[in-house]
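Coordinate analysis (summary)
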Amino acid sequence: MTETAQQPVSMLAAVSNAMVALHKEQFGRGPTNARSNFAGPDALVCVLDDALLPAERKMVDMGEHHRVRETRSAFQVAAADDFVRAVEQIVQRKVRAFASATDAINNVVFENFVFESEGGGTRR
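Residues numbered from 1 in each chain as written. Predicted model: local features only at pLDDT ≥ 70, side-chain atom pairs only at ≥ 80, totals over all residues. Heavy atoms only, no water.

Side note on the overall build of the chain
- Secondary structure summary: the chain contains three helices and four strands in total.
- When each of the 124 residues of the chain is scored for burial, the buried share is 35%.
- Within the chain, residue pairs in contact and separated by at least 24 positions form 54% of the contacts whose partners lie at least 6 positions apart.
- Carbon and sulfur atoms provide 52% of the accessible area of the chain, an area that totals close to 7,000 Å². (Helix = DSSP H or I, 4+ residues; strand = E, 2+ residues; numbered from the N terminus. Buried < 20%, exposed > 50% of the residue type's maximum accessible area, 1.4 Å probe, protein only. Contact = heavy atoms within 4.5 Å. Areas by Shrake-Rupley, 256 points an atom, 1.4 Å probe, with all protein chains shown as cover.)

Laid out in structure tokens, this is it:
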């Protein structure tokens, strides 16, 4: 990438904002804090804090955190194309892999994206 120092920061903020908006659209409520960072040249991670719904937090309090993770995982699979499309538009790179993870006990969601290498294909 040949961007100035300012462009990646605004790009990362745009990814965070898009993830918050998609969570709000999908779940009816967005996280209260989001931050995105590149994890090497071909990976991006967005960490979303305070992402669970009030009912999900009550389920966690009841010891049903595994059900919250299962349900969130199913929703994320259903909405994966929306998440990938948003990140591809912002970063201007093709997403090769996407995975979402939920730490229900600590009320944190991770949106993980792996891009095709800039030369095309995958790195080994």
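That was the structure; now back to the text.
A look at unusual backbone geometry
- Even without a glycine there, the phi angle at aspartate 50 is positive, about 55°.
- Within the secondary structure layout, aspartate 50 lies in the loop between strand S2 (43-49) and helix H2 (54-61).
- Look at aspartate 50 and you get partly exposed, because its relative accessible area is 23%.
- For glutamine 92, which is not glycine, the phi dihedral falls at a positive 65°.
- Secondary-structure assignment places glutamine 92 in the loop between helix H3 (65-91) and strand S3 (95-103).
- Glutamine 92 sits in the exposed class, given a relative accessible area of 63%.

Notes on the sheet that holds S2
- The strand order across the open sheet formed by four strands is S1-S2-S4-S3, and the pairing between neighbours is antiparallel. In this open sheet, the two strands that pair with only one neighbour each are strand S1 (33-38) and S3. Neighbour-to-neighbour, the strand axes of the sheet open up by a mean angle of 15°, direction not taken into account. (Pairing = 2+ DSSP bridges. Axes fitted to C-alpha atoms, helices over the stretch in contact; angles between N-to-C directions.)

With respect to the pairing of S3
- Inspection of the sheet shows S3 paired to strand S4 (residues 108-115) by eight bridges, in the antiparallel sense. Residue pairing in the sheet places aspartate 103 in a bridge with valine 108 of S4.
- Taking the residues between adjacent antiparallel strands as the criterion, S3 and S4 are bridged by four residues, where asparagine 107 takes a positive phi near 60°.

Let's talk about H3
- For H3, built from 27 residues, the straight-helix expectation of 39 Å at 1.5 Å per residue is missed by more than 12%, its first-to-last C-alpha distance being only 33 Å.
- At alanine 79, H3 shows its maximal kink, close to 60°.
- Turning to H3, its buried residues are Val68, Arg72, Gln76, Ala79, Ala80, Phe83, Val84, Ala86, Val87 and Val91.
- One or two positions beyond H3, positive phi appears at glutamine 92, with a value near 65°. (Expected span 1.5 Å × (residues − 1). Bend = angle between axes of the 7 residues up to and from the residue.)

Here's the deal with the environment of glycine 28
- Summarising the element assignment, glycine 28 is placed in the loop between helix H1 (6-27) and S1.
- C-alpha separation for the pair glycine 28 and leucine 53, spaced 25 residues apart in sequence, amounts to 8.4 Å.

Notes on the pattern of salt bridges
- Scanning the entire structure with this criterion turns up eight salt bridges.
- Notably, a salt bridge pairs aspartate 82 with arginine 85, separated by 3.1 Å at the nearest N-O pair. Of the two residues, aspartate 82 and arginine 85 both sit in helix H3, three residues apart, roughly one turn of that helix.
- Lysine 94 is the salt-bridge partner of glutamate 88, the closest N and O atoms lying 3.7 Å from each other.
- Salt bridges sharing partners connect three or more residues here, namely Arg29, Asp50 and Arg57. (Salt bridge = Lys/Arg side-chain N within 4 Å of Asp/Glu carboxyl O.)

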